[in-house]
Amino acid sequence: MKKAGIIMIIGSLLLLGLFKFPLWNIMLGAPQYPEPLGMNIYITGIKGVSEFDIQNIDGLNHYIGMRTIPKTEDMWEFEVFPLVIGGMVALGVVVGFLGFFGKVNHWWFIGWFALMSVLGIMGMYDFNLWLTDYGTNLDPNAIMKMTNPDGTPMSYKPPLLGYQKMLNFDVDSWPHIGAYLMFVGMVLTVIAFFIGKKEWKKKVFATT
Amino acid sequence: MKKSINSLLMLALLAGLITSCNNSKSNKNGDRGALASSAAEKVYVAPGEHDEFYAFFSGGYSGNLTVYGLPSGRMFKEIPVFSQFPTNGYGYSEETIPMLNTSHGFVPWDDLHHPDISQTNGKLDGRWIFVNGNNTPRIARVDLETFETEEIIEVPNSAGNHSSSFITENTEYVVAGTRFSVPVPQEDIPINEYKGKFKGALSFISVEEETGRMDIKFQLMMPGFDYDLSHPGRGKSHGWFFFTTYNTEEANSLLEVNASQNDKDFIAAVNWKKIEEYVNNGGGTKMPANYAHNVYDHGTHNATTTMKKEVLTVDPTKVPGAVFFLPTPKSPHGCDVDPTGSYIIGNGKLSADLTIHSFDKMIDAIDNKKFDGEAYGIPILSFEDILAGTVKQAGLGPLHTEFDGKGNAYTTFFISSELVKWNIETREVIDRQPNYYSVGHVMIPGGNSAEPFGKYAVSMNKITKDRYLPTGPELEHSAQLFDITGDKMELLLDFPTHGEPHYAAGIPAEILAPKSKKIYKLEENKHEYAALTSGDTRVERDGKEVHIYMSMIRSHFTPDNIEGIKVGDKVYFHITNHEQDFDVPHGFAMIGANNAELLIMPGQTKTLYWEPKQVGVWPFYCTDFCSALHQEMQGYIRVSPENSNIELSWSLGE
Ligand SMILES: [Cu+2]
């Protein structure tokens, strides 16, 4: 299982990209913002794409009564996410090594992938909850109270994935480099599973 | 005198002949058929797209500098330099009032003539643009990241600062020559003692490489002629500077006749490297002087004035081999050096010919001491020895020449009202195009450097008459844009310019646009009275003086209710714009203020002075439509009688 072990190690190491690159990116363009405002969401916090973007997004959001964009210390996620990702990288590397030396079989690889997928879905679910809360839980004394045609208060929840028009803004929400590295890494662990499956069979065949 | 009037009459007749001849060649009514549509395409910059060049036009008697785009001819900005500018509070705000200080006190206006962009190795580098104030002699440096005036230095012993503000090949110096000669030092003497007693100061102002800071290195005290225009040598002639003179007759009255008698005036060739060396070795005489040096700091957002008390003067006869006179026909105006630095072109404004001096021949004549007499101890070279050639009958009244970097020169002719293209080596006229009307200077982007961008030429005209819809007796001046990429110059566009542009400087947009500043960073704001957070806002009284530390952000002032101000107080509004977003300035206007408004850029602090004179509750508001709630951006100040006991208080949202 030499090849599979190496791929497993590489795959899980790619998750380290999340410490350097954003997981997600949300861009806000409008007629008055030919250069759109943007925020990059890292597992460790939220940063503006340009130096003053967060301040300027908050400045605009105060008209519609949205809370300011959370700082790192305002959300438990930014403490837990790095621990979870770090733990999964360590686990993946250990499993990969054990696989490399034939101590564990390929099912451990797919097991890692399944655990990572569950954690990832939970993370997305949590992210969506936050977006919903942030976009709908508005200051009752907001300067501008916009309503839908049916009279219900308008939600400013950005899309979880994709494009949406919100008032004068064009909002784009897409995964960023960190997420792509993670996807590639996870695909590699699946590949490691299939290669490991072949290599394991050979090994079992050779020993019997 | 009779003879000169006759010759003037003849000039006028000739002018009539030549212009009528031009008119028959090309119809001035703009009916250009298929040509017109191709010209329209060449100047059309589609909505949202950008121009290829910035062009900085001097404002003449507006005292300011205007920024245009080429080829569209659209005006982008007016940069206040020597004139108070109520539009943004320049020269009215406490921070910028010192910019207009001089030895004559506060001078809120000037006559701005010749912009020149900084260079490195003779090429435009786009760090700064220098301009001259003609009336109360001053040189200003405008920063090309902020497009704001950063520094103004007064030039002592000078009057009519006209042969300015031209820079040397590496921006070592910005040079300022006096148009009027004056007694140096000034004294109470009869005017008719002019001859021999008056001096013409040519000032070499050093420019600090990193900061651009200016300092008068030395003043060359020349004979009492009128120094009209100047240009630096470049390439092989780097180290020299050339100044046109008129009134070598040294007349002090009725100059239009008395200063037009000599068949030839001079171009003064100054070897400034030699004088620099002389000065660095302790040469020159320090003389008492009094002149203002005003510097604006983008950190403190404040200008300060320093009065300087001394200037170093140099007697040209004390530095052998440094100054020579090149005889040049008929009161030359422009004195232009071609991009290679080989030719010095004298535009004798009362002549029909152009005189081209050869730098090599000049050096040769100097080396062989072939002098043709001297004036006030300065050697005069012989006209024939240094002449490269003349452009014969090129037009009437040549004023100024610019270059395209492809071996061609473009000369404006004021009297015959045309732009003439000619070949520098063969000195043959290639093309001539009429100008509407009476062109002064011409500008080709980089046309006054070693590397011109020879795509467009803009002529700046002195007379407008019927070019645009009439606007009463007073008109803006007209400019005409030519495509100069072909053999023939093609008129593309005709557009009005603000004030009276005497010259302009153009530069490719790609050099300036990427570094143009968008905001001032609040965290870098070092203003003494800044309120960097809303928590810093407050009102403090010190006797009659009241300082209001105020902040502004969309869409409110903090504080916006202030009480405890009394009639007779001296109130200073120190207002900091807390925005950090591009193009979100806020304005500030106080009812009854005797100065102007403030327009405050993001991150900036500005101060307005106000004397409350009447009891009551008086409003202030934001003048810049900053947001959907701009109209809500307002506040009140309660003004109580002088003897009232109302305590100072301030609030927001209570
Ligand atoms: Cu405002």
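Here the structure is a predicted model, which means the values were calculated and not measured.

Calculation rules
- Residues numbered from 1 in each chain as written.
- Chains lettered and ligands numbered in written order.
- Predicted model: local features only at pLDDT ≥ 70, side-chain atom pairs only at ≥ 80, totals over all residues.
- Heavy atoms only, no water.
- Helix = DSSP H or I, 4+ residues; strand = E, 2+ residues; numbered from the N terminus.
- Rg over C-alpha atoms; globule rule 2.2 N^0.38 Å.
- Buried < 20%, exposed > 50% of the residue type's maximum accessible area, 1.4 Å probe, protein only.
- Contact = heavy atoms within 4.5 Å.
- Areas by Shrake-Rupley, 256 points an atom, 1.4 Å probe, with all protein chains shown as cover.
- Patch = residues over 30% accessible without salt bridge, like charges linked within 9 Å, V, L, I, M, F, W, Y side chains within 5 Å.
- Salt bridge = Lys/Arg side-chain N within 4 Å of Asp/Glu carboxyl O.
- Polar contact = N/O pair within 3.5 Å; in protein donor to acceptor, adjacent residues only side chain to side chain.
- Pairing = 2+ DSSP bridges.
- Domains from an automatic or database assignment.
- Buried area = accessible area lost by both parts, 1.4 Å probe.
- Nonpolar A, V, L, I, M, F, W, Y, C, P; charged D, E, K, R; others polar.
- pLDDT = per-residue confidence, 0-100.
- Core = buried A, V, L, I, M, F, W, Y, C linked by side-chain atoms within 4.5 Å.
- Donors = N, O, S within 2.8 Å, 3.2 Å for Na, K, Ca; no water.
- Tetrahedral: all angles 85-135°; square planar, octahedral: opposite > 155°, others 65-115°.
- Phe/Tyr/Trp six-rings, centres within 6.5 Å; stacked < 30°, edge-to-face > 60°.
- Axes fitted to C-alpha atoms, helices over the stretch in contact; angles between N-to-C directions.

### Some words on the overall build of chain A
A count of helical and extended segments in chain A gives five helices and five strands. Starting at the N terminus and ending at the C terminus, chain A contains elements arranged as α-β-β-β-α-α-α-β-β-α. Computed over C-alpha atoms, the radius of gyration of chain A comes to 22 Å, more than 25% over the 17 Å expected from 2.2 N^0.38 for 208 residues, which places it beyond the range of a compact globule. C-alpha extents for chain A along the principal axes are approximately 75 × 35 × 30 Å. Every one of the 208 residues in chain A was classed for burial, and the buried ones make up 42%. Here the analysis covers contacts within chain A between residues at least 6 apart in sequence; of these, 67% occur between residues at least 24 apart. For chain A, the accessible area works out to roughly 11,400 Å², and carbon and sulfur atoms hold 70% of it.

### So, the overall build of chain B
Looking only at helices and strands, chain B has eight helices and 46 strands in total. Against the globule reference of 26 Å for 654 residues, chain B gives a C-alpha radius of gyration of 27 Å, in line with a compact fold. Summarising its shape, the C-alpha atoms of chain B cover approximately 85 × 65 × 45 Å along the three principal directions. For chain B, the residues scored as buried account for 60% of the 654 residues in total. Put simply, 63% of the contacts in chain B that link residues at least 6 apart link residues at least 24 apart. Put simply, chain B shows about 25,700 Å² of open surface, and 52% of that area lies on carbon and sulfur atoms.

### A few points about unusual backbone geometry
Residue and element names in this part refer to chain B. Between Ser164 and Ser165 the backbone carries a cis peptide bond, its omega angle lying at -10 degrees. With respect to the secondary-structure elements, Ser165 resides in strand S10 (residues 163–167). A cis amide bond, omega 0 degrees, links Arg554 with the succeeding residue Ser555. Within the secondary structure, Ser555 is located in the loop between strand S37 (545–553) and strand S38 (556–558). Despite not being glycine, His301 has its phi angle at roughly 55 degrees, a positive value. Looking at the element boundaries, His301 is found in the loop between strand S18 (285–297) and strand S19 (302–314). Residue His301 is classed as buried on the basis of its relative accessible area of 1%.

### Some details on a nonpolar patch on the surface
Residue and element names in this part refer to chain A. Nonpolar side chains collect at one region of the surface, where Ile143, Met144, Met146 and Leu167 lie side by side and expose about 300 Å² of accessible area between them. With respect to the element layout, Leu167 can be found in the loop between strand S4 (162–166) and strand S5 (169–175). The partly exposed category is assigned to Leu167, whose relative accessible area is 38%.

### So, the side chain of His231(B)
All names here are of chain B. With respect to the secondary-structure elements, His231 resides in strand S15 (residues 226–232). Separated by 3.1 Å, the side chains of His231 and Asp336 make a polar contact. Apart from the residues within four sequence positions on either side, His231 is in contact with Phe166, Phe241, Phe242, Cys335, Asp336, Val337 and Asn448.

### Some points on the pairing of strand S35 (residues 504–508) of chain B
Residue and element names in this part refer to chain B. Counting buried positions over the five residues of S35 gives five, a clear majority of the element. The side-chain alternation of S35 yields two buried faces, one formed by Ala504, Gly506 and Pro508 and the other by Ala505 and Ile507. Of the pairings in the sheet, the one linking strand S1 (residues 53–58) to S35 comprises five bridges and is antiparallel in character. Along S35, the bridge assignment pairs Phe53 with Pro508.

### Re the domain arrangement of chain B
Residues and elements named next belong to chain B. The domain architecture assigned to chain B consists of domain 1 (80–329) and domain 2 (522–651). A C-alpha centroid distance of 40 Å is found between domain 1 and domain 2. At the junction of the two partners, domain 1 supplies 14 residues and domain 2 supplies 16 residues. Roughly 1,200 Å² of surface becomes buried between domain 1 and domain 2 when both sides are summed, with 51% attributable to carbon and sulfur atoms. Between domain 1 and domain 2 we count zero salt bridges in total. Counting across the interface, domain 1 meets domain 2 through seven residue pairs in polar contact (both at pLDDT 80 or more). The class makeup of the residues in the side of domain 1 that touches domain 2 is three nonpolar, eight polar and three charged.

### Overview of the pattern of salt bridges
Scanning all chains against the criterion turns up 29 salt bridges over all chains. In this structure, the salt-bridge partner of Glu51(A) is Lys521(B), at a minimum N-O distance of 2.8 Å. Of this pair, Glu51(A) sits in the loop between strand S3 (45–48) and helix H2 (53–64) while Lys521(B) sits in the loop between helix H8 (509–512) and strand S36 (538–542), each in a different chain. Under the relative-accessibility criterion, Lys521(B) is labelled partly exposed at 26%. One salt bridge connects Arg541(B) with Asp569(B), and the closest N-O pair in it is separated by 2.7 Å. Residue Arg541(B) is found in strand S36, and its partner Asp569(B) is found in the loop between strand S39 (561–566) and strand S40 (570–577); the two are separated by 28 residues along the sequence. Accessibility expressed as a relative area gives 32% for Arg541(B), which makes it partly exposed. According to the relative accessible area criterion, Asp569(B) is buried, its value standing at 2%.

### Points about the confidence of the model for chain A
For chain A, the mean per-residue pLDDT works out to 92, and 99% of the residues sit at or above 70. When mean pLDDT is taken per element in chain A, S3(A) scores highest with 96 and helix H5 (residues 177–207) of chain A scores lowest with 90.

### Thoughts on the nonpolar core
Membership of the largest hydrophobic core comes to 48 residues, with the highest contact counts inside it found for Leu15(A), Ile46(A), Phe109(A) and Met116(A). Contributing elements (two or more residues each) for this core: helix H1 (2–13), strand S1 (24–30), strand S2 (33–42), H2, helix H3 (77–100), helix H4 (107–136), S5 and H5 of chain A. Considering each element in turn, this core owes the most residues, seven residues, to H4(A). Ignoring anything within four residues of it in the chain, the contact list for Ile46(A) reads Met39(A), Asn40(A), Ile41(A), Ile54(A), Ile69(A), Pro70(A), Phe78(A) and Trp130(A). Ranked by size, the runner-up nonpolar core spans 29 residues in total, among them Trp272(B), Ile275(B), Val319(B) and Ile380(B).

### Points about the coordination of the copper ion
Reference values for coordination geometry: four tetrahedral donors around a metal ideally subtend 109.5 degrees, six octahedral donors ideally subtend 90 or 180 degrees. Residues and elements named next belong to chain B. Only His586 (ND1), Cys622 (SG), Cys626 (SG) and Met633 (SD) from the protein reach the copper ion as donors, at distances of 2.2 to 2.4 Å. In this structure, the copper ion is surrounded by four donor atoms whose angles at the metal cover 99 to 126 degrees, and the resulting shape is tetrahedral. Along the chain, the residues donating to the copper ion fall in the pattern H-x35-C-x3-C-x6-M. Like Met633, Cys626 is buried.

### Here's the deal with the packing of aromatic side chains
All names here are of chain A. Counted under the stated rule, the structure contains 43 aromatic pairs over all chains. Ring geometry for Trp130 and Tyr134: centres 5.2 Å apart, planes at 20 degrees, overall stacked. One end of the pair is Trp130 and the other is Tyr134, both in helix H4 and four residues apart, which spans about a single turn. Residue class for Trp130 comes out buried when judged on its relative accessible area of 13%.

### So, the sheet that holds strand S27 (residues 398–403) of chain B
Residue and element names in this part refer to chain B. One open sheet holds the four strands; their spatial order is S27-S28-S29-S30, and the pairing between them is antiparallel. If you trace the sheet from one side to the other, it starts and ends with S27 and strand S30 (429–434), each paired once. On average, each strand axis in the sheet is inclined to that of its neighbour by 20 degrees, with strand direction left out of account. As judged from the five bridges shared by strand S29 (residues 418–423) and S30, these two strands associate in the antiparallel manner. Pairing of Leu419 across the sheet is with Gln433, part of S30.

### Regarding the interface of chain B and chain A
Taken together, the contact pairs 12 residues of chain B with 10 residues of chain A. Taken together, the connections running from chain B to chain A amount to two salt bridges. For the pair chain B and chain A, the interface holds six residue pairs in polar contact (both at pLDDT 80 or more). When its residues are assigned to classes, the side of chain B that touches chain A shows two nonpolar, four polar and six charged.

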